[in-house]
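Fold and contact review
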Amino acid sequence: MRHVFPNWGKMSRGARMGVDAAGVATRLHEIASKSGLVLAPVLRRFCASALRVEYVGPALVAAALLWFAPSLILGSKTGRDATLSEELAKAELTLAVLADELTRISGAGLLGTSSLERAIRRLPAAAQSTGLFLLADLTGRVVATHPPADAAPAHINDVIEEEQPLAILAERAGAMRMRLGDGTDALAALRNLPGGQVAIVKPVAEIKALQGPGPAYSAAAIAVILAVAGLGGVCVAHAKGARSARRACARMERRMDTSLTRGRCGLWDWDISRGRIYWSSSLYSLLGYQRRDEYLSFGEVNGMIHPDDGNLFDLAERVASSEVKHLEIDFRMRTADGGWMWLRARAEVVIDPEEGGRHLVGIAVDISDERGFVERSATADMRLRDAVEAISEAFVLWDADNRLVLCNSKFRNFHDLSPEAVVPGATYAEIIAAGRPPRVTSHVTHEQTDGRGSRTLEVQLSDGRWLQINERRTKDGGYVSVGTDITALKRHEEKLLESERRLLGTVSDLKRSRHTLQIQAQQLADLAERYHEQKGQAESASRAKSDFLAKVSHELRTPLNAVIGFAEVMQREMFGPLGNERYRDYASHIRGSGLDLLAVINDILQISRIEAGHVTLTTAPIDVAEVVNNAMATVAECARAKGISLVCSVQAGGYVQADERALHQILTQILDNAIKFTP
């Protein structure tokens, strides 16, 4: 014990008793940890019993203090209340006697210091020192005090304020405890006299009985308190050692639970004879449960185990019959959220040396991640095999010793192998001997230069098929081989070669065609140049023609207007008859031919202006009915002359965006041609 607590000799007896409990509890935890036994329930009961013993003394001391202190306080308070009541009664009685004496001495006269002194001398000697006597006139001014005071109050309200019940009720209020005007806690009484008021005031602080208990009472109280405090000190020192033991137990248990929780495992102790099971706190935390009792029943734990993983009844029978000395099993247990957790339990049968019962003591480790990894690995392996079987190529994987690891049905069909022959672990020679390799007519090898012996083969079988075999080394020294049917690629390659030859011929033809096109392009360039030259000449000729027509038309219009005018004069015989009727007809023909020629010349001028770009169109909204009626009115005379009827059918309210003059010319020309060429 001394090597654990080096200051053992310097400790008090109570502290040493506490350390004894802490040391024993600590050693028991160490033994439990080293031996693998779960002694937490025993340690917990031991520590709890030790702590109950250690706290008995402090509890008794506290109870004694709790009993003595209220009694002392209650007794002191009761004595003060009784003294206060006596002083109040004494003050009220003294003031009543003093008021009667003052009334008898002074009658209806004025009150003064002499009357107050005479009245006080008539009081008993014990009553004269009751307090401070104040005598006031009818206005409340203090006229006399006893005993005399240099700083006597000037007014009765300076001592007893007006809002106090005593100032209002006077003798009906009796003597009472109150706060004076300066804040002093005092006993006071007031009585009305025929010529004024008389009051008695005594501060509570001056009452000796209220200042504290007597010396004997105080000495007895101090002695009791010291005795109880000494006993309490001993008990507290003793309890301090118990608290140290409790902290040591709690610290060791926290360390053990923390280490088990971090390792996702827990301790358990199955008492076979009693049918109860102890779990460590880490196992509760691992499964998500809350500890309700110290032990779990056999049925509770059995109900948590998955039904497909066995039950505790069979295991209990095997342990009871000594068939099992130690075990290691994997099982699923229900968690608090309703899920299942995989646990691996390792335990050993231990005989209780005191009771002789069998205990199955061990540890339970969470292996859910390991189980999940195994299941995922199995699922991944199955998916890999399905994927290898589903690919369209022949696939085979060999290990570093040239033994088969995995292959698919395409590889078996390629080598004509039975499923029994391709057993994982069979050597390369055994598998090749069991099969019938295909007959190869030609092959092409593409060696890899990566230093790992990888290569690619292209072989042509006797049936005309082409296969591409890719062999690659793996990191563990084995190699994987994949055979792909590239017959379609080879045929496509042949077609590509043929297409390439055709393409080369086409390119040669295109080159020749390009040369021809270049010659034609040169010719077209020459023709375009000549075209531009001729176009320029044609445009010049057209401008010359337009200018010529404009000049000729202008020169012709002047004499033509004269001819038309003279023909009209002759036709109307404005200067006399012509003499012969045939001359009038000739004049009419001359005038008509002149008008026709003038219309042709106007048209030529209009065309020239249009070609020269001198005509500007001014568009505006035009009433269709109006422009049509104007055009019909222009040609109406010609139509009547030929006996042709013009009928207009235009809906009113229609508008068109156009140049009114140009539109009028168009319509007039159309109608004029229609009349001209209509029989």
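What comes next concerns the included structure. (Residues numbered from 1 in each chain as written. Predicted model: local features only at pLDDT ≥ 70, side-chain atom pairs only at ≥ 80, totals over all residues. Heavy atoms only, no water.)

1. Quick word on the layout of surface pockets
In this model, the largest pocket occupies a volume close to 1200 Å³. Around the largest pocket sit 32 residues that line it, and Ala599, Asp603, Thr668, Gln669 and Asp672 are the ones nearest its centre. Elements with a minimum of two residues in the lining of the largest pocket: helix H15 (581–612), helix H16 (624–642) and helix H17 (660–676). Examining the composition of the lining of the largest pocket, we find that 13 residues originate from one element, H15, more than from any other. (1 Å grid on protein atoms, 1.4 Å probe; cavity = no way out; pocket = protein on both sides within 12 Å on 5 of 7 lines; lining within 4 Å. Points joined across faces, edges and corners; volume = space filled by probe spheres on them. Helix = DSSP H or I, 4+ residues; strand = E, 2+ residues; numbered from the N terminus.)

2. Topic: empty space enclosed by the protein
One pass over the structure, following the stated rule, counts three cavities of 30 Å³ or more. A volume near 50 Å³ is recorded for the second largest cavity. Residue lining of the second largest cavity: Glu92, Leu95, Ala170, Glu171, Gly174, Ala175, Ala189, Leu190 and Arg191, and that is the complete set. Taken together, the elements giving at least two residues each to the lining of the second largest cavity come down to helix H3 (56–106) and strand S4 (185–193). With three residues, S4 is the single largest residue contributor to the lining of the second largest cavity.

3. Comments concerning H17
Here H17 spans 24 Å end to end across 17 residues, near enough to the 24 Å set by a 1.5 Å rise per residue. All of the buried residues along H17 are Ala662, Thr668 and Ile675. The buried residues of H17 occupy an angular sector of 155 degrees when projected down its axis, which confines them to one face. Close packing links the buried residues of H17 with H16 and strand S19 (655–659). (Expected span 1.5 Å × (residues − 1). Buried < 20%, exposed > 50% of the residue type's maximum accessible area, 1.4 Å probe, protein only. Arc of directions from axis to C-beta. Contact = heavy atoms within 4.5 Å.)

4. Notes on the sheet that holds strand S3 (residues 176–179)
Pairing within the open sheet is antiparallel, and its five strands lie in the order S2-S1-S5-S4-S3. The outermost strands of the open sheet, each flanked by one partner alone, are strand S2 (142–146) and S3. The mean inter-strand angle of the sheet, taken between neighbouring strand axes irrespective of direction, is 30 degrees. Two strands pair when backbone bridges link them, and S4 and strand S5 (residues 196–203) are joined in this way by eight bridges, in the antiparallel orientation. Along S5, the bridge assignment pairs Ala186 with Pro203. Where helix H4 (residues 113–121) meets the sheet, it contacts strand S1 (132–136) and S2, and its direction lies at approximately 30 degrees from that of S2. (Pairing = 2+ DSSP bridges. Axes fitted to C-alpha atoms, helices over the stretch in contact; angles between N-to-C directions.)

5. Some details on the sheet that holds strand S7 (residues 276–279)
Taken in spatial order, the six strands make up an open sheet running S8-S7-S6-S11-S10-S9, and their pairing is antiparallel. A strand with exactly one partner marks an edge of an open sheet, and here the two such strands are strand S8 (296–297) and strand S9 (326–334). Summarising the sheet, strand S6 (residues 265–271) and strand S11 (residues 358–366) pair through seven bridges and their orientation is antiparallel. Within S11, the position partnered with Asp269 by the bridge is Val361. Sheet strands in contact with helix H11 (residues 368–390) are S9, strand S10 (340–351) and S11, and its direction is about 125 degrees off that of S10.

6. Quick look at the nonpolar core
Counting 28 residues, the largest nonpolar core has Trp268, Trp270, Trp279, Leu312, Met333 and Leu360 as its most contacted members. For this core, the elements supplying multiple residues, two or more each, are S6, S7, helix H8 (281–287), helix H9 (298–304), helix H10 (312–320), S9, S10 and S11. Among the elements that line this core, the one with the most residues is S10, at five residues. Formed by 25 residues, the second largest nonpolar core is a distinct cluster that contains Leu88, Leu111, Leu123 and Leu135. (Core = buried A, V, L, I, M, F, W, Y, C linked by side-chain atoms within 4.5 Å.)

7. Concerning the side chain of Asp271
On the secondary structure map, Asp271 appears in strand S6. Setting aside chain neighbours within four positions, we find Asp271 in contact with Arg276, Arg358 and His359.

8. Structural notes on the pairing of S2
With four of five residues buried, S2 is to be regarded as a mostly interior element. Linking S1 back to S2 in an antiparallel pair, the connection comprises five residues, with Gly140 at a positive phi of about 95 degrees.

9. Some words on the packing of helix H14 (residues 487–572) against H15
The contact between H14 and H15 brings their axes to 8 Å, and the two run at 155 degrees. When the axes of H14 and H15 are compared, the pair comes out roughly antiparallel. With respect to the hand of their crossing, H14 and H15 are arranged in left-handed fashion. Split into classes, the residues belonging to the contact of H14 with H15 amount to 16 nonpolar, nine polar and six charged. (Parallel < 35°, antiparallel > 145°, perpendicular 65-115°, else oblique. Left-handed = near helix turned anticlockwise from the far one by under 90°. Nonpolar A, V, L, I, M, F, W, Y, C, P; charged D, E, K, R; others polar.)

10. Overview of a nonpolar patch on the surface
On the surface, a cluster of nonpolar side chains totalling about 380 Å² of accessible area is made up of Val563, Tyr583, Tyr586 and Ile590. With three residues, H15 is the largest single contributor of residues to the nonpolar patch. Structurally, the position occupied by Val563 is in helix H14. (Patch = residues over 30% accessible without salt bridge, like charges linked within 9 Å, V, L, I, M, F, W, Y side chains within 5 Å. Areas by Shrake-Rupley, 256 points an atom, 1.4 Å probe, with all protein chains shown as cover. Salt bridge = Lys/Arg side-chain N within 4 Å of Asp/Glu carboxyl O.)

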